[in-house]
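Listed below are the residues making up each chain.
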Protein chains: 2
Amino acid sequence: MTEDEINARHAEKMAKKKAVRDRMLAGKTIEKGLLIVHTGKGKGKSTAAFGMVLRSIGHGFRTGVVQFVKGSWDTGERHVLERFPELVTIAAMGEGFTWETQDRERDIAAARAAWDAAKAMIRDPSYRLVLLDELNIVLRYDYLPIEEVVAFLRDEKPADTHVIVTGRNAKDELIEIADLVTEMTLIKHPFRDGVKAQAGIEF
Amino acid sequence: MTEDEINARHAEKMAKKKAVRDRMLAGKTIEKGLLIVHTGKGKGKSTAAFGMVLRSIGHGFRTGVVQFVKGSWDTGERHVLERFPELVTIAAMGEGFTWETQDRERDIAAARAAWDAAKAMIRDPSYRLVLLDELNIVLRYDYLPIEEVVAFLRDEKPADTHVIVTGRNAKDELIEIADLVTEMTLIKHPFRDGVKAQAGIEF
């Protein structure tokens, strides 16, 4: 085939692809607040959620963040969010990771306080997006009853509000009621080769 | 078991977990610029990269973005990045998606121009992080020779510079030389139920 033939065939193929896409998109007409879950052992769960928070802010939407585990976000993120005080509310409610606190009762009390803050934000329809960062960790340890969380998100989330839940080991009950679930899978990680956590990458 | 026993057992288990983690982290002492790849059919590839760009900016690092496909980012992201003009450079070089342009020659010329911009940023050691957004798409269509891209990233990237490459269908040659590879896997997507793309979520 000559270059011209390759180019002509490409144009034809892409025109067909566009027609298929346009037909598909024309059938998508529903707008609604989504329940989104980022899970899996790979990286990017909280980072992608952070990206969505900033995108939401960029659109001028009021946005809430509840951190169920302290230390999962860092100064880099905070500095950026602090530039948008009129749009973003952060509730850093959690204690450190479970292996840092080593105190189950304190972890449970912190989880309950964070969940109360989360419910208040989600019930407030002025929030368009609420991120429940690392909620999956808390659910995994049964620090909050999954039935209570699922019932609230299913029955009390306003129709237009997007909620993002992050953390590995998402419970099946949560995945069941979610609209969009992405699993981040680790394929290759530099920790294995002795590389340490670095500013801008890990935190 | 009583609550007290459960709590005591938990504390013991977490203390052990912390000791294991501390030992592991103590062995991680290397700092180096990473080549990071976000691939897979799921969502969050560009969004997690966008989150890392903002985290990098939050640390005060000079950061570059090259968009190999126009339209993969949107106004939400742009509005946020525009608040940090002293730290971030964006080169939106690509044409639209291949099925929008339907013009292979124009796509190839755009890919080459974007790659030239990318090389200039990566060679400049004042950049700590450079995002090559949707480069995988361009490589998949062979608009740039994979050998050339791999040789450059392997041999010419400064040791301290982090480079992130996004896009589905990452080539094996790229994964081979990458330090950190995450695959975003789609588990559940609302498009299937007729929900349309929405501001703050899809763009």
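Residues numbered from 1 in each chain as written. Chains lettered and ligands numbered in written order. Predicted model: local features only at pLDDT ≥ 70, side-chain atom pairs only at ≥ 80, totals over all residues. Heavy atoms only, no water.

Draft legend 1. Structural context of the nonpolar core. Counting 36 residues, the largest nonpolar core has A:L54, A:I57, B:L54 and B:I57 as the members making the most contacts within it. Going through the elements one at a time, helix 2 (45–58), helix 3 (75–81) and strand 4 (129–133) of chain A together with helix 2 (45–58), helix 3 (75–81) and strand 4 (129–133) of chain B are the ones with two or more residues in this core. Residues within four places of B:L54 in sequence aside, it is in contact with A:F50, A:L54, A:G76, A:V80, B:V80, B:L81 and B:F84. (Core = buried A, V, L, I, M, F, W, Y, C linked by side-chain atoms within 4.5 Å. Buried < 20%, exposed > 50% of the residue type's maximum accessible area, 1.4 Å probe, protein only. Helix = DSSP H or I, 4+ residues; strand = E, 2+ residues; numbered from the N terminus. Contact = heavy atoms within 4.5 Å.)

Draft legend 2. Broad picture of the environment of A:A178. Along the chain, the position of A:A178 falls in the loop between helix 8 (172–177) and strand 6 (180–188). Given a relative accessible area of 4%, A:A178 falls into the buried group. Linking A:A178 and A:T39, residues 139 residues apart in sequence, is a C-alpha distance of 12 Å. Ignoring sequence-local partners within four residues, the contact set of A:A178 consists of A:L35, A:V37 and B:K188.

Draft legend 3. Spotlight on the sheet that holds strand 5 (residues 162–166) of chain B. Overall, mixed pairing links the twelve strands, which are arranged 3(A)-2(A)-4(A)-5(A)-1(A)-6(A)-6(B)-1(B)-5(B)-4(B)-2(B)-3(B) in an open sheet. Each edge of the sheet is formed by a strand with only one pairing partner; in this case those strands are strand 3 (88–92) of chain A together with strand 3 (88–92) of chain B. Pairs of neighbouring strands in the sheet enclose a mean axial angle of 15°, with direction left out of account. One ladder, built from four bridges, connects strand 1 (residues 35–39) of chain B with strand 6 (residues 180–188) of chain B; its direction is parallel. (Pairing = 2+ DSSP bridges. Axes fitted to C-alpha atoms, helices over the stretch in contact; angles between N-to-C directions.)

Draft legend 4. Region of the structure containing unusual backbone geometry. Residue and element names in this part refer to chain A. Backbone geometry at E134 places phi at a positive 70°, although glycine is not the residue there. Structurally, E134 is set in the loop between strand 4 and helix 6 (135–140). For N169, which is not a glycine, the phi torsion comes out positive at approximately 60°. Along the chain, N169 turns up in the loop between strand 5 (162–166) and helix 8.

Draft legend 5. Structural context of helix 7 (residues 146–155) of chain A. All names here are of chain A. Buried residues of helix 7: I146, V149, V150, F152 and L153, and no others. One face of helix 7 carries all of its buried residues, which in axial projection span an arc of 165°. Structural note: helix 7 exposes E147 and D155 on the side pointing more than 90 degrees away from its buried face. Contacts from the buried residues of helix 7 go to strand 1 (35–39), helix 5 (104–123), strand 4, helix 6, strand 5 and helix 8. (Arc of directions from axis to C-beta.)

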